[in-house]
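# Coordinate analysis (summary)
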Amino acid sequence: MRYAAITGWGMAVPDRVLTNADLEALVDTSDEWIVSRTGIRERRIAGPGDSNTSLAVAASRDALAKAGRVPADIDLIITATFTPDLFLASQACMIQAELGGSAAAFDINAACAGFVYALASATSFIRSGMYRTILVVGVDTQTRFIDYTDRATCVLFGDGAGAVLLEATGEPRGELASVLGADGSGVQALYVPGWTWDDGPAGDDPTAAVLGPRPRLDTHPAMLMQGNEVFRFAVKVMCDAARQVVLKAGLSLDDVDMLIPHQANRRIIDAAARTLALPRDRVWINIDRYGNTSAASIPMALTEAVAAGKVAEGDNLVFVAFGGGLSWAASLVRWGTAGVERCRADGGAAAAPPADG
Ligand code: UT7
């Protein structure tokens, strides 16, 4: 059998810190309200020198260094983001341009669930035998889409990037099972507007006579959210998806060494952990320092959990996320790099893809 071990992990955040005290000066809120309702104390916000690309590249270099690999080793880059620096080209191509190498590259948008969607996609590419080494990046600079006069959203979100490198192995490591889901009837619960027909083209637009009215981009698109609706949805899908993915891997919740949840609200994480009967020391939480970093939140949390020595070879990790769409995703990951060296040495023969793959 062929599997896709995580051999490198990394993260990057902007230097600029936005504290609850800063937000008190912007909207009618308080540190006490934000901490008690969300668990967030501060978040990072992109400054003039930062971009989706710069954060993603820094996280990717971190992941490559930990894996002892170079950009020329990468076969494919998948980037999960809803805030690419350009509409065209893809964020993944911009990352490849900065890193070097000649990997294939494309983006996935599943909002805050994007990283887990991307991990499942990358794992499938490796398990099928199509590729051996894939860089998966979760990055969002969503503070670009925050209205800092809207207290319902501006306290929650921050910017950041996380990345993992996946490599083929013949041992059961990396993602052993995944669950992906979506309910498009919930689009209105959490979205950023895009195109509008309001006002039409300028009266003197010479193309209007031929083309008629054309849509234009909303000039200051800001995130809109039904917080309560998302909260209820989040607790339910986190618990359902975590249970399903553990079952799919042939395990039970008792076998889970660490839950690494999407960091959206401390109360959502606590409620899910309570329902799943997972003790606090088996749930990784860093929302107090970064807020909700969307597609970056799970790879950032993973990177910190590993740095803290909380993850060991053979541990079973559950990643679970939810977000705009509405969408959700969970992954059961067996930590460690067993068998990777052998695969590197023999050019992949030790992890032959399935005969029908
Ligand atoms: O990746 C997915 C992204 N989104 C989420 O995960 C969001 C999920 N939802 C949430 O995290 C929570 O629903 C929020 C943090 C957004 C809101 O917390 P809540 O406990 O559900 O508050 P609420 O919306 O029920 O509002 C309670 C009160 C209201 O005042 P009244 O009507 O009781 O007088 C709000 O106007 O809190 C008020 N409020 C605030 N007060 C101070 C709402 N936002 C704020 C604020 N500061 N920032």
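We now turn to the structure provided with this report. (Residues numbered from 1 in each chain as written. Predicted model: local features only at pLDDT ≥ 70, side-chain atom pairs only at ≥ 80, totals over all residues. Heavy atoms only, no water.)

## Section: helix α3 (residues 52-67)
Heads up, the condition is: Note on conventions: DSSP H or I runs of at least 4 residues are helices, E runs of at least 2 residues are strands, and numbering of each starts at the N terminus. Between the first and last residue of a helix there are one fewer steps than residues, each counted as 1.5 Å, and that sum is the expected span. Every residue pair with non-hydrogen atoms within 4.5 Å of one another is taken to be in contact.
With 16 residues, α3 extends 23 Å between its outermost C-alpha atoms, agreeing within 8% with the 22 Å of an ideal straight helix rising 1.5 Å per residue. Those residues of α3 hidden inside the fold are in contact with β1 (3-12), α4 (91-99), β6 (133-140), β7 (160-169) and α12 (340-345). Count one or two residues on from α3 and you reach glycine 68, which has phi positive near 70°.

## Quick look at the side chain of threonine 38
We apply this condition: Here a polar contact is taken to be a pair of N or O atoms separated by no more than 3.5 Å, where protein atoms must pair a possible hydrogen donor with a possible acceptor and residues adjacent in sequence count only if both atoms sit in side chains.
Within the element layout of this structure, threonine 38 appears in helix α2 (residues 31-38). Among the polar contacts listed, one links the side chain of threonine 38 to the backbone nitrogen of isoleucine 40, at a separation of 3.0 Å. Apart from the residues lying within four places of it in its own chain, the contact partners of threonine 38 are Trp33, Leu156, Asn265, Arg266 and Ile287.

## Some thoughts on the packing of aromatic side chains
What characterises a pair of aromatic rings is the spacing of the ring centres plus the angle enclosed by the ring planes. The condition that has to hold: Pairing of aromatic rings covers Phe, Tyr and Trp, the last through its six-membered ring, and needs centres within 6.5 Å; plane angles under 30 degrees mean stacked, over 60 mean edge-to-face, and all others mean tilted. Each residue's exposure class comes from its accessible area (1.4 Å probe, protein chains only) as a fraction of the maximum for that residue type: buried when under 20%, exposed when over 50%, partly exposed otherwise.
Tallied over the full model, the rule gives seven aromatic pairs. Ring plane angle 50° and centroid distance 6.4 Å describe the contact between phenylalanine 115 and phenylalanine 319, whose orientation is recorded as tilted. Of the two residues, phenylalanine 115 is situated in helix α5 (residues 114-127) and phenylalanine 319 in strand β14 (residues 316-323); the sequence distance between them amounts to 204 residues. Assessed through its relative accessible area of 0%, phenylalanine 319 is described here as buried. Ring centres 6.3 Å apart and planes at 80° place the aromatic pair phenylalanine 233 and phenylalanine 322 in the edge-to-face group. On the criterion of sequence distance, the pair formed by phenylalanine 233 in helix α8 (residues 227-248) and phenylalanine 322 in strand β14 is long-range, its members being 89 residues apart.

## A closer look at unusual backbone geometry
Looking along the chain, the bond that leaves leucine 88 and enters alanine 89 is cis, with omega of 15°. Note that alanine 89 resides in the loop between β4 (76-80) and α4. In this model, glycine 325 is joined to leucine 326 through a cis peptide bond whose omega is -15°. Residue position: leucine 326 is located in the loop between β14 and β15 (327-334). The phi torsion at serine 294 lies on the positive side, around 55°, for a residue other than glycine.

## Considerations on the site of the ligand
Which entries qualify depends on this criterion: Near residues are defined by distance, with any heavy atom within 4 Å of the molecule or strand qualifying the residue. Residue-level accessible areas treat just the shown protein chains as cover; the underlying method is Shrake-Rupley with a 1.4 Å probe. Method remark: on a 1 Å grid restricted to protein atoms, a set of points is classed as a cavity if a 1.4 Å probe fits but cannot get out and as a pocket if it is open with protein on both sides within 12 Å along at least five of seven lines; lining residues have an atom within 4 Å of a point. The rule for placing a molecule in a cavity or pocket is simple: more than half of its atoms must lie within 2 Å of the grid points. Classification convention: Asp, Glu, Lys, Arg as charged; Ala, Val, Leu, Ile, Met, Phe, Trp, Tyr, Cys, Pro as nonpolar; all other residues, Gly among them, as polar.
Around the ligand lies a shell of 23 residues, among which Thr29, Arg37, Arg151, Asn228 and Asn265 are the nearest. Separating a nitrogen atom of the ligand from a backbone N or O atom of glycine 227 is a distance of 3.0 Å. Within the side chain of asparagine 265, one N or O atom sits 2.7 Å away from an oxygen atom of the ligand. For the ligand, whose free accessible area comes to 950 Å², the fraction covered by protein is 73%. More than half of the atoms of the ligand fall within 2 Å of the grid points belonging to the second largest pocket. Secondary structure elements with two or more residues in the shell around the ligand: α2, α8 and α9 (266-275). For the shell around the ligand, the element with the highest residue contribution is α8, accounting for four residues. A breakdown of the residues in the shell around the ligand according to their chemical character gives twelve nonpolar, seven polar and four charged.

## Focus: the pairing of β1
Formally: At least two DSSP bridges between two strands are needed for those strands to be called paired.
Burial of β1 is extensive: ten of the ten residues sit out of reach of the surface. Direction of pairing for β1 relative to β7: antiparallel, over a ladder of nine bridges. Paired with tryptophan 9 across the two strands is valine 164, which belongs to β7.

## Brief notes about the pattern of salt bridges
Inclusion rule: By convention in these notes, a salt bridge is any Lys or Arg side-chain nitrogen within 4 Å of a carboxyl oxygen on Asp or Glu.
For the coordinates displayed, the defined rule picks out eleven salt bridges. The partner of glutamate 167 in a salt bridge is arginine 69, and the shortest N-O contact between them spans 3.3 Å. Taken together, the residues span a long stretch of sequence, with glutamate 167 in strand β7 and arginine 69 in the loop between α3 and β4 at a distance of 98 residues. The two residues glutamate 167 and arginine 69 agree in class, both being buried. Linked through salt bridges whose partners overlap, the residues forming this network are Arg69, Asp73, Glu167, Glu341 and Arg344.

## Quick look at the pairing of β4
Summarising burial for β4: five of the five residues are buried, a large majority. Of the two faces of β4, the one lined by Leu76, Ile78 and Ala80 and the one lined by Ile77 and Thr79 are each fully buried. Note that β4 and strand β5 (residues 104-108) share five bridges and pair parallel. Bridged to isoleucine 78 within β5 is phenylalanine 106. Across five bridges, β4 lies against β6 in parallel orientation. What sits directly across from isoleucine 78, in β6, is valine 136.

## Quick word on the layout of surface pockets
What counts is decided by this rule: Grid points are joined across faces, edges and corners, and a volume is the space filled by probe spheres set on the points.
Space inside the largest pocket adds up to approximately 640 Å³. Considering the residues around the largest pocket, the lining is formed by 27 residues, among which Phe82, Asn109, Phe145, Val192 and Pro193 are closest to the centre. Of the residues assigned to the lining of the largest pocket, the class counts are 17 nonpolar, seven polar and three charged. Considering only enclosed or pocket space, the second largest pocket measures out at about 560 Å³ in volume. If you go around the second largest pocket, you meet 26 residues; those closest to its centre are Ala152, Leu156, Met225, Gly227 and Asn265. Mapped by element, the contributors of at least two residues to the lining of the second largest pocket are α2, α6 (151-154), α8, α9 and β14. Here the lining of the second largest pocket gets four residues from one element, more than from any other, and that element is α8. Counted by class, the lining of the second largest pocket contains 13 nonpolar, nine polar and four charged residues.

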